[in-house]
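Single-letter residue listing:
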Amino acid sequence: MIGRQDHLSAIQTGDIIARVTAQTSRQSGLSVVYTELLDFGGDEIYFHEEPALSGKTFGDALLAYEDSTVLGIQQADGATLLNPPAESRFAPGDKLIAISADDDTIRLSGLNMPPAQAGLMRSAAKQAALPPEKTLLLGWNASAPIIIRELDQYVAKDSLVTVVASQNFESQARACEKLQNQKLHFRAGDTTDRVLLDALGITEYDHVIALADTSLDTQTADARTLITLLHLRNIAGMDETPFSIVSEMLDLRNRELAAVTNVDDFIVSDHLISLMTSQLSENADLHGLFSDLFDPQGCEIYLKAVSDYVELGQPVNFYTVVESARRRHETAIGYRLGTESRNLSAHFGIHINPKKSAEVRFAEGDKVIVLAEE
């Protein structure tokens, strides 16, 4: 009824936050990538009509821009195709989906032969089967059942998720029925209790998610999350193979306080939804793109070892990274530098839409940020 005369985009806020939390828990830095893409302060996603691309392939477009990063194609009927096959061709009326500083900075480079350094590319290796994973969920709110079900679509068979919370477990168990790949275990306890956290054997887990207690007021909930984070970071600092940590902060102002724990991933609920809503108010076409990105089916954002794409220690331009990713049927949109991963002022090492001709010396631990099927 509301959308009969106007274009209406409905956002299921709880589902979006839960899905981003599930994805981020398995990939350090991913929430920073999402924030960079949604924030008006940096480069943004645009839909750009480029008549010169008509008849050209998506693979051609990937290397055709120096200062913009190509993501996909919006077909003339409005359908959004992220990371389509490289041989997909632009038809009349199709638009380019790209990340750029502004809509007027999406300009073809004019280079006939983009300077990709073939000698520095690495061949795609066969992906090894993922081992079972152990996830610890500290706290409980309405997002928790969605997070658990989302994780179930990513992890290998015989994975485990342990929930520690103070609520009634009977209702929690009913909300998480029919899991295919995870075993679910509940334990009662106070997530700010260091004795309890030590007893959990947290260093044996791959991922830890600290959820806000939404039954409390915002500041009290965030204060409890901060206490839990301080304990978690202390525990992680004593372990040679630290686990990933993702936290849910309700108030954006508390993010700076959380940063002192050196945790590089935060899900700031209201802030993330506000950013997305603002973007949709400017461009309703983004709704389909966001739906694709946050859905476990299809194309998503991954941070993968850059050593699988290009040689380490050698000056390499981003044209080379893009081409190496293209040969894997992926779309490279940036990279993350490990040396900056704890630096808030450097966006935790996340570089989205880098200038393609600029050279970087990558090191072990650096990541390439790609759109891929898996």
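This text follows the structure it describes.
This one's a predicted model, so the numbers in the text were calculated from it and none came from an experiment. (Residues numbered from 1 in each chain as written. Predicted model: local features only at pLDDT ≥ 70, side-chain atom pairs only at ≥ 80, totals over all residues. Heavy atoms only, no water.)

**Student:** Any chance you could explain the pairing of strand 16 (residues 367-372) here in plain terms?
**Tutor:** Within a regular strand, the side chains alternate between the two sheet faces. With 5 of its 6 residues buried, strand 16 lies for the most part within the structure. Taken together, the 5 bridges between strand 13 (residues 331-336) and strand 16 define a ladder with antiparallel strand orientation. Of the residues in strand 16, the one forming a bridge with Thr331 is Leu371. (Buried < 20%, exposed > 50% of the residue type's maximum accessible area, 1.4 Å probe, protein only. Helix = DSSP H or I, 4+ residues; strand = E, 2+ residues; numbered from the N terminus. Pairing = 2+ DSSP bridges.)

**Student:** How should empty space enclosed by the protein be read in this particular structure?
**Tutor:** Within the structure shown, the criterion is met by 3 cavities of 30 Å³ or more. Volume-wise, the largest cavity comes out at about 60 Å³. Lining of the largest cavity is provided by Val20, Ser31, Tyr34, Thr35, Arg255, Phe266, Ile267, Val268, His271 and Leu272. Mapped onto the lining of the largest cavity, the elements with two or more residues apiece are helix 2 (30-38), strand 10 (266-268) and helix 9 (269-282). The residue inventory of the lining of the largest cavity, partitioned by class, reads 6 nonpolar, 3 polar and 1 charged. (1 Å grid on protein atoms, 1.4 Å probe; cavity = no way out; pocket = protein on both sides within 12 Å on 5 of 7 lines; lining within 4 Å. Points joined across faces, edges and corners; volume = space filled by probe spheres on them. Nonpolar A, V, L, I, M, F, W, Y, C, P; charged D, E, K, R; others polar.)

**Student:** Help me out: how do you make sense of the environment of Arg328 in this one?
**Tutor:** Positionally, Arg328 belongs in the loop between helix 11 (318-326) and strand 13. Residue classification places Arg328 among the buried residues on the basis of a relative accessible area of 15%. In contact with Arg328, other than residues within four places in its own chain, are Arg122, Ser123, Ala124, Asp308 and Tyr309. A polar contact of 3.1 Å, which involves the side chain of Arg328, links it to the backbone oxygen of Arg122. (Contact = heavy atoms within 4.5 Å. Polar contact = N/O pair within 3.5 Å; in protein donor to acceptor, adjacent residues only side chain to side chain.)

**Student:** Whenever I open this one, helix 2 confuses me. Can you help?
**Tutor:** Every α-helix carries 3.6 residues per turn, so stepping three or four residues along brings you back to the same face. Among the 9 residues that make up helix 2, 8 are buried, leaving the element largely enclosed by the rest of the structure. Those residues of helix 2 lying buried are Leu30, Ser31, Val32, Val33, Tyr34, Thr35, Leu37 and Leu38.

**Student:** What should I look at first to understand the packing of aromatic side chains in this one?
**Tutor:** Here the distance between the centres and the angle between the planes together describe a pair of aromatic rings. With the rule as written, the count across this model stands at 5 aromatic pairs. Judged by centre distance (5.0 Å) and plane angle (70 degrees), the rings of Tyr34 and Phe294 are edge-to-face. In this pair, Tyr34 sits in helix 2 while Phe294 sits in the loop between helix 10 (286-293) and strand 11 (300-305), placing the two residues 260 residues apart along the sequence. Here Tyr34 and Phe294 have matching classes, each one buried. The interplanar angle of 85 degrees and the centroid separation of 5.3 Å between the aromatic rings of Tyr335 and Phe362 together place this pair among those described as edge-to-face. Highlighted residues: Tyr335 in strand 13 and Phe362 in the loop between strand 15 (359-361) and strand 16, separated in sequence by 27 residues. Aromatic rings pair up to connect Tyr34, Phe290 and Phe294 into one cluster. (Phe/Tyr/Trp six-rings, centres within 6.5 Å; stacked < 30°, edge-to-face > 60°.)

**Student:** What exactly am I supposed to notice about the pattern of salt bridges here?
**Tutor:** Between side chains of opposite charge, a pair can form as their charged atoms come close. Evaluated as defined, the whole model comprises 9 salt bridges. A salt bridge links Glu323 to Arg326; the shortest N-O distance between them is 2.7 Å. Taken together, the residues Glu323 and Arg326, both in helix 11 and 3 residues apart, mark about one turn of the helix. The class for Arg326 is partly exposed, based on a relative accessible area of 26%. Glu323 is paired through a salt bridge with Arg327; the nearest N and O atoms lie 2.9 Å apart. Among the charged side chains, a network of salt bridges with common partners joins Glu323, Arg326 and Arg327. (Salt bridge = Lys/Arg side-chain N within 4 Å of Asp/Glu carboxyl O.)

**Student:** Teacher, can you tell me more about the sheet that holds strand 7 (residues 182-188) here?
**Tutor:** Within a sheet, each strand pairs with its neighbour through backbone hydrogen bonds, oriented either parallel or antiparallel. Strands sit in the order 7-6-5-8-9-10 across an open sheet of 6 strands; the sheet is parallel. The two strands at the open ends of the sheet, each matched to only one other strand, are strand 7 and strand 10. Here the average twist between neighbouring strands, direction ignored, is 15 degrees. Relative to strand 7, strand 6 (residues 159-165) runs parallel, the two sharing 7 bridges. The residue of strand 7 that forms the bridge with Thr162 is His185. With respect to the sheet, helix 9 is in contact with strand 9 (244-249) and strand 10, its orientation differing from that of strand 10 by roughly 65 degrees. (Axes fitted to C-alpha atoms, helices over the stretch in contact; angles between N-to-C directions.)

**Student:** Just to check I follow, could you spell out helix 10 for this structure?
**Tutor:** Of the positions making up helix 10, those classed as buried are Leu286, Leu289, Phe290 and Leu293. The arc that holds the buried residues of helix 10, viewed along the axis, is 95 degrees, so those residues lie on one side. (Arc of directions from axis to C-beta.)

**Student:** Before we go on, may I ask you to explain the side chain of Glu133 in this structure?
**Tutor:** Tracing the chain through its elements places Glu133 in the loop between strand 4 (95-100) and strand 5 (134-138). Engagement of the side chain of Glu133 in a polar contact is seen with the side chain of Arg26, the distance being 2.6 Å. A distance of 2.8 Å separates a polar atom in the side chain of Glu133 from a polar atom in the side chain of His207. Excluding anything up to four places from it in sequence, Glu133 contacts Arg26, Val155, Ser159, Leu160, Asp206 and His207.

**Student:** Would you mind going over the packing of helix 1 (residues 13-25) against helix 9 with me for this structure?
**Tutor:** For any two helices packed against each other, one specifies the crossing angle of their axes together with the interaxial distance. Between helix 1 and helix 9, the least distance of the axes is 10 Å, while the angle of their chain directions is 110 degrees. Viewed along their axes, helix 1 and helix 9 adopt a mutual orientation that is roughly perpendicular. The way helix 1 lies across helix 9 gives a crossing that is right-handed. Residues Thr13, Ile16, Ile17 and Val20 of helix 1 form the contact with helix 9, whose own contacting residues are Ser269, Leu272, Ile273 and Met276. Of the residues assigned to the contact of helix 1 with helix 9, the class counts are 6 nonpolar, 2 polar and no charged. (Parallel < 35°, antiparallel > 145°, perpendicular 65-115°, else oblique. Left-handed = near helix turned anticlockwise from the far one by under 90°.)

All we've got here are geometric facts, nothing functional implied.
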